[in-house]
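Structural overview for review
If you want the building blocks of each chain, they are given just below.
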Amino acid sequence: MTPDPTSAEFLRNRGLAAIHADVPFNKGWSGQGVTVAVIDTGADPNLLDLQGALSPDSTDILPGRNQPVGVDDHASLVSTVIAARYNGVGTVGVAYKSTILSIRADDTTGSSCGTTCFFEDADTAAGLEYAIAHGAKVVNMSLGGDTPDSTAFVHALSDAVAAGLVVVASAGNDSATDPSWPARYASDPRFAGWVVAVGALNPTGSLASFSNQAGVSASGYIAAPGQNITAGCGTAGCFSVSGTSFSAPHVAGAVALLLQAFPNLTGRDAVNILFQTADDLGAPGVDSVYGHGALDLTHAFEPIGTMSVASASGQSVDTGPGTGGPVTQTGQAFGQGFGAHGELVTVGHDAYRRLYVVDLGASYRPGPGPGLVAFAPPVRAAASVVALPHGGRLAFAGEAPLAPPADIQKAAAGFFAETPSSATVALDLGRFGLTVWNGRGETTPPALSGPRDAYQEIAAPDRVVAGTWRLGRWAVDAEQGWAERREPFQPDALPGSHYLRAGLAWRSGDLAARFAFGRLDEPFGPLGSDFSGRPGLDTPARTDFVSASAEAPLGRFRAYAQGSLGRTSFAGQFLRVDGATSSAWRLGVVGDCGGRLCQTWTVELSQPLRVENGVVVADLAIVPAGYFDAPVFSERRFSAAASGREVRLGVFGDRDLGRWGAARLGFVAAREPGNIAGAPLAVGLLADWRLAF
């Protein structure tokens, strides 16, 4: 049973909350299967909190004495901080299912230690050798002295390190600037990363007044709760204890949790993780008071560095920090994206090769679509026409905001933002017409060769070239557009989407019709998606599309209609689809206002681009039954179709303001916005003002 953070057992020991022990508890980690040796005064296996916690190999290391339960309860108090069972009484330990190998090593021969239990170097050295021989992975030594230990102890410590044991030692209670021995061996290069010196924190999170500081051992020092710690609960109640003796077992228990949760770790890896993820206290970085800082199990159990996920092709792809996959977004045509299906759960490894369950689907979230509330900045426009021989003409047009943002502000932001502006050059030579448009700052190109369809809009081009050949009522045209992508702090643009579109148009008086077909190539993801969160995750997509439009008089009004249909394929390291169908349409009526508020009005009903069908296929590793099992890949299949269908109703009014330009106001309401089923109705306003000069 997992300890409840609101239970009396959990709450009795404030140290558990201070180190965030609930985080590994909630993940199922308990220290089970890890043996922690406690070289001390001999723990009592009959203590309520330790029943079932002590190894049968627990011993008295002094030759001939054969009394594994000592005359002082210090070892029992220390052991309960590590491994007190979650059994409805007392408190709960940091590694509450770990096994305590109690090694009594005090040299007491009477019935009491008096004020202090003494430990001879020969006995603690023998205790280390015993821990090695009996499978301990962690050794807790809540003891110490003012002078370096003997050669025999140093030799035993070397043996422990060579065997892969982590030795956690209390820093001492003398208010000194340096730890006592053996904790000070944490700064000895021979034992770096294997010996940990632990200082004590008071209830406010500062170093306790009695605790020795990091001093010369700062590189191997960490702090943990060590004042007013509840421990040693029995039938008569619990003790409230203070000292670095009780901060050290918090760290020993934390190492046991890491070794159980991630069995690929060495003891040194576990120590480095605790150091790397400690809550920095005192001076920034490693300092002479707090060393690495305070023990923090929240961050210790989070991935460190970049998460690497294996693909079925045998390559590993870095998906960024965390277990939620790369930072990606799906185009609104996909609705809630690929994460709503729960089919993209796999595994990955962090910088320490720790195995994590990774939900790639959590990162495929809908990207921002066109807003329903938009107040475009006022734009000034200019145009001029040059007459050419034989009735030809050359026209120039440009647009720019009335008040462009200051360049210095853009540079300070580091995004190399561009001022929205555009320029159009149109050449008309009788039957032949050629138009070139260039825009920047997320401007939208005009309808150069007929109404723009949904796929042209998704391409969001920065450059467009369109040509037309007119043959009476008929016209043949072609258009090509290119987009560039700018990244923060990167002055050079990357190639973006590209489309090529050809069409046939017919017009007779007020009647007009048009048919077009084309191809859209997107290097970063399909239909406006961006899967480029990390190198190797780009998912180039290709869409073949057709569109048709028509307009005709309808009594006193003019009606128009447009529809688009596309078929998309893409393939990346993890996802692929072949033949996802998408569609978009709009129907509208335009009439005269006959009043002062507007000159023309438009009512339009539309469906933005939506994926109608298709199957996404992902080849991902399944979560293994065993930590070291070889990866097994499975094919996951789920629908690419959006869960909802957005339908928009828009009402717009346009008015010519004479020398003040032209303005448009509009009201829009959207059902199931973003193509997400069940999404609440969205309403908004739009405003646009263009000033000619």
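Quick look at the structure, then. As the structure is a prediction and not an experimental result, all values here were calculated from the model.

**Notes on the overall build of the protein**
Regarding its fold elements, the protein presents eleven helices and 33 strands. Radius of gyration (C-alpha) of the protein: 36 Å, far over the 26 Å computed for a compact globule of 693 residues. Taking the principal axes of the C-alpha coordinates as reference, the protein spans close to 120 × 50 × 45 Å. The 693 residues of the protein split such that 48% are buried.

**Notes on the packing of helix α5 (residues 121–133) against helix α6 (residues 151–162)**
Running from amino to carboxyl end, α5 crosses α6 at an angle of 15°, the nearest separation of the two axes being 8 Å. With respect to their mutual orientation, α5 and α6 come out roughly parallel. The crossing of α5 and α6 is left-handed. Across the interface between the two elements, D121, T124, A125, L128, E129 and I132 of α5 pack against A152, F153, H155, A156, L157, D159 and A160 of α6. When grouped by side-chain class, the residues that make up the contact of α5 with α6 number eight nonpolar, two polar and three charged.

**Some thoughts on helix α7 (residues 244–261)**
Between its terminal C-alpha atoms α7 stretches 26 Å, which fits the 26 Å expected from 18 residues at 1.5 Å a residue. Burial of α7 is extensive: 18 of the 18 residues sit out of reach of the surface.

**Re the pairing of strand β19 (residues 421–429)**
Bridging between strand β18 (residues 393–401) and β19 involves seven bridges; their strand directions are antiparallel. Note that in β19 the partner of A395 across the bridge is A426. In this sheet, strand β20 (residues 432–440) lies alongside β19 in antiparallel orientation, the contact comprising nine bridges. Residue pairing across strands places T424 opposite W437, the latter belonging to β20. Counting the residues that bridge the hairpin from β19 to β20 gives two residues, and of these G430 lies at a positive phi of roughly 70°.

**With respect to the sheet that holds strand β11 (residues 316–318)**
The four strands are arranged β11-β10-β13-β14 in an open sheet whose pairing can be described as antiparallel. For this open sheet the edge positions go to β11 and β14 (355–359), each flanked by a neighbour on one side alone. The average angle at which neighbouring strand axes cross in this sheet is 40°, direction not considered.

**Some words on the state of the cysteines**
For the structure shown, the criterion picks out two disulfides. Put simply, C233 and C238 are joined by a disulfide, and their sulfur atoms are 2.0 Å apart. Taking the sign of the torsion about the S-S bond as the criterion, the disulfide between C233 and C238, at about 110°, is right-handed. For C233, a relative accessible area of 3% gives the class buried.

**Focus: the pattern of salt bridges**
One pass over the full model with this rule turns up 23 salt bridges. A salt bridge links D106 to R104, with the nearest nitrogen and oxygen atoms 2.9 Å apart. We classify D106 as buried; its relative accessible area is 1%. One salt bridge in this structure joins R586 and E457, with 3.8 Å as the shortest N-O distance.

**Here's the deal with the nonpolar core**
Grouped together as the largest cluster of nonpolar side chains are 139 residues, with contacts concentrated most on L128, L274, L297 and F338. When residues of this core are assigned to their parent elements, the largest contribution, eleven residues, is made by α7. Filtering out sequence-adjacent residues up to four positions away, L128 remains in contact with I39, V139, M141, F153, A156, L157, A160 and V167.

What counts and how
- Residues numbered from 1 in each chain as written.
- Predicted model: local features only at pLDDT ≥ 70, side-chain atom pairs only at ≥ 80, totals over all residues.
- Heavy atoms only, no water.
- Helix = DSSP H or I, 4+ residues; strand = E, 2+ residues; numbered from the N terminus.
- Rg over C-alpha atoms; globule rule 2.2 N^0.38 Å.
- Buried < 20%, exposed > 50% of the residue type's maximum accessible area, 1.4 Å probe, protein only.
- Axes fitted to C-alpha atoms, helices over the stretch in contact; angles between N-to-C directions.
- Parallel < 35°, antiparallel > 145°, perpendicular 65-115°, else oblique.
- Left-handed = near helix turned anticlockwise from the far one by under 90°.
- Contact = heavy atoms within 4.5 Å.
- Nonpolar A, V, L, I, M, F, W, Y, C, P; charged D, E, K, R; others polar.
- Expected span 1.5 Å × (residues − 1).
- Pairing = 2+ DSSP bridges.
- Disulfide = S-S within 2.5 Å.
- Salt bridge = Lys/Arg side-chain N within 4 Å of Asp/Glu carboxyl O.
- Core = buried A, V, L, I, M, F, W, Y, C linked by side-chain atoms within 4.5 Å.

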